[in-house]
Amino acid sequence: MANDSNALKIGVIGLGVMGQRMLERLQGHARLRADWVWDANPAALAATLARFPGLRAAASAESLIFSPGLHSLYIATPPAAHLQLSELGFDAGLAVFCEKPLTVDFADARRSIQRIESEGQRAAVNFALASSPGLALLQSRFGAPAGADRGGLARIDLELGFAQWPRPWQAAAGLWLGERAEGGFSREVLSHFIFAAQRVLGPAQVLTQHVVYPVEGQGSELSLNAELRIGGVPLRIQGQVGGSEADLNHMAWQASSGRIDLREWFSRIEDTGAASEASGNDPIERRQHGQLSQLDQWVALIEGRPHALPGFAEALAVQETIEALLQPSV
Ligand SMILES: NC(=O)c1ccc[n+]([C@@H]2O[C@H](COP(=O)([O-])OP(=O)(O)OC[C@H]3O[C@@H](n4cnc5c(N)ncnc54)[C@H](O)[C@@H]3O)[C@@H](O)[C@H]2O)c1
C-alpha cells in the first residue's frame, strides 16, 4: 500500500465477489488506497489478506469504521446490512460509497436520506453505468428537461437473459443472490438499466408487470415482463432466466432522429442517429474508461466536490421501481 500524503484511505466491508472486484480496481489508482478490510466471514477475510497482503484486517465493522485516518467506507455486503453500515459510516464522518441495491426497507432509506440532507453527509451508491460513456450519450441525446422534444424519443426496449441465475461468475456469492427476499436478476441487473433510464428521463411509472417465481416459494424470479412509462414514452422490459446467453443485456432507445442500441453493459453502442461513427468505439476501452471515471468520481465525493455518482435518494427511486416490478402477479 502506498503511503503518500495525498492518498485517500478506503475501508472495505464485504469481501465477496464484488468486494474483490473493487479491491482489484482500486489497485494502482492515483489517489484511492484500500486500507482496512472486514467481512463477517473469517474465511473471506483471510483469503483477502492472502491475496492483497498490504491490507489491514479490522476486528469488527465498528472498529474498521472508526479507524483513525480513514476517509471513506465502501460497503459490498448483501443489501440487508447496507443502511446500518452506512449510518455507522456517517457517525464516523466518512464518505460512504455503498453497493446497490440500496435496500428494500424504504422507511429506513427515507430516514437515512433525511439525515444525509440535514447533516450534509457524503453518500453515493454504486451504479457503475453512472460513469459510462453510454449514459453520457443518452443524456446528450434525450436528457432535455421534461416537456422538451427529447430528441424525438419514441420508445425504449430492454431485453435481459441469463442462461443460469446466479451467473457462473457469481458462483462464489452467498445464497441470498438466488433468493426472493434480497436477490434476483431484477435487483441485481435490471436496477442498473432502470437507474440509467431514470437518470435521463426522470421517474418511471409501472403500467403492467408479470413476474414468475419458482413454485417452491424461496427462489428469485424466473421471468419478468413489464410495460412502464417514463419521460412520456413507453419502456418495455423482457427478462428471463433461461436461453443460451450467459449474460444478455440489450437496451434500445428508438427516436425519430435514429436509434441507439446499447449492449454488454453499455460497452457496445450502435448509434444510427450519429453523423459519424463515434471515436473510441472499442468496448474494452469504454469499460476501462467507465471504471476509471467511477473512481475519480469517488475522489470527488470524498473531497466534497460535485460528482456524477447517484445519491441515496436516486438509488431509492430506482429500488421503488424495481420492487413495484417484483410484486407477485395476481
Ligand atoms: N455494482 C455492481 O456492478 C455489482 C456487481 C455485483 C454485486 N453487486 C452488489 O454488491 C453487494 C455484494 O454482492 P456480492 O456478489 O459480492 O455478494 P457475496 O455474497 O459474494 O459477498 C458478500 C460478502 O459480504 C459478507 N457479509 C454479509 N453480511 C455482512 C455483514 N453484515 N458485515 C460484513 N460482511 C458481511 C459475506 O460474508 C460475503 O463475503 C450486493 O449488494 C450486490 O448487489 C454490485
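The rules behind the values
- Residues numbered from 1 in each chain as written.
- Predicted model: local features only at pLDDT ≥ 70, side-chain atom pairs only at ≥ 80, totals over all residues.
- Heavy atoms only, no water.
- Domains from an automatic or database assignment.
- Contact = heavy atoms within 4.5 Å.
- Buried area = accessible area lost by both parts, 1.4 Å probe.
- Salt bridge = Lys/Arg side-chain N within 4 Å of Asp/Glu carboxyl O.
- Helix = DSSP H or I, 4+ residues; strand = E, 2+ residues; numbered from the N terminus.
- Pairing = 2+ DSSP bridges.
- Axes fitted to C-alpha atoms, helices over the stretch in contact; angles between N-to-C directions.

(A) Broad picture of the domain arrangement of the protein. Each domain of the protein was delimited in the assignment, giving domain 1 (8-126) and domain 2 (132-280 + 312-325). Computed from C-alpha atoms alone, the centre-to-centre distance between domain 1 and domain 2 is 26 Å. Contact with domain 1, which involves 25 residues of that partner, is made by 18 residues of domain 2. Taken together, the two surfaces of domain 1 and domain 2 that pack against each other cover about 1600 Å², and 75% of this comes from carbon and sulfur. When residues of domain 1 are sorted by the area they lose upon contact with domain 2, Val-17, Lys-100 and Phe-106 head the list and together hold 30% of the total. Counting the contacts that link domain 1 with domain 2 gives two salt bridges. Residue assignment for the side of domain 1 that touches domain 2 shows that the elements contributing at least two residues are α1 (17-26), α4 (82-91), β5 (95-99), α5 (106-119) and β6 (123-126).

(B) The environment of Ala-47, seen in detail. Following the sequence through the fold, Ala-47 ends up in helix α2 (residues 42-51). Once the C-alpha coordinates of Ala-47 and Leu-15 are considered, the two residues, 32 residues apart in sequence, prove to be 9.0 Å apart.

(C) Quick look at the sheet that holds strand β3 (residues 56-57). Strands sit in the order β3-β2-β1-β4-β5-β6 across an open sheet of six strands; the sheet is parallel. A single partner strand is all that each edge strand has here, and the edge strands are β3 and β6. Pairing of strand β4 (residues 72-75) with β5, which is carried by four bridges, proceeds in the parallel orientation. The partner of Ile-75 across the bridge, within β5, is Cys-98. With respect to the sheet, α1 is in contact with β1 (8-13), β2 (32-38), β4, β5 and β6, its orientation differing from that of β2 by roughly 150°. Running over the sheet, helix α9 (residues 312-325) touches β5 and β6 and is turned about 40° from β6.

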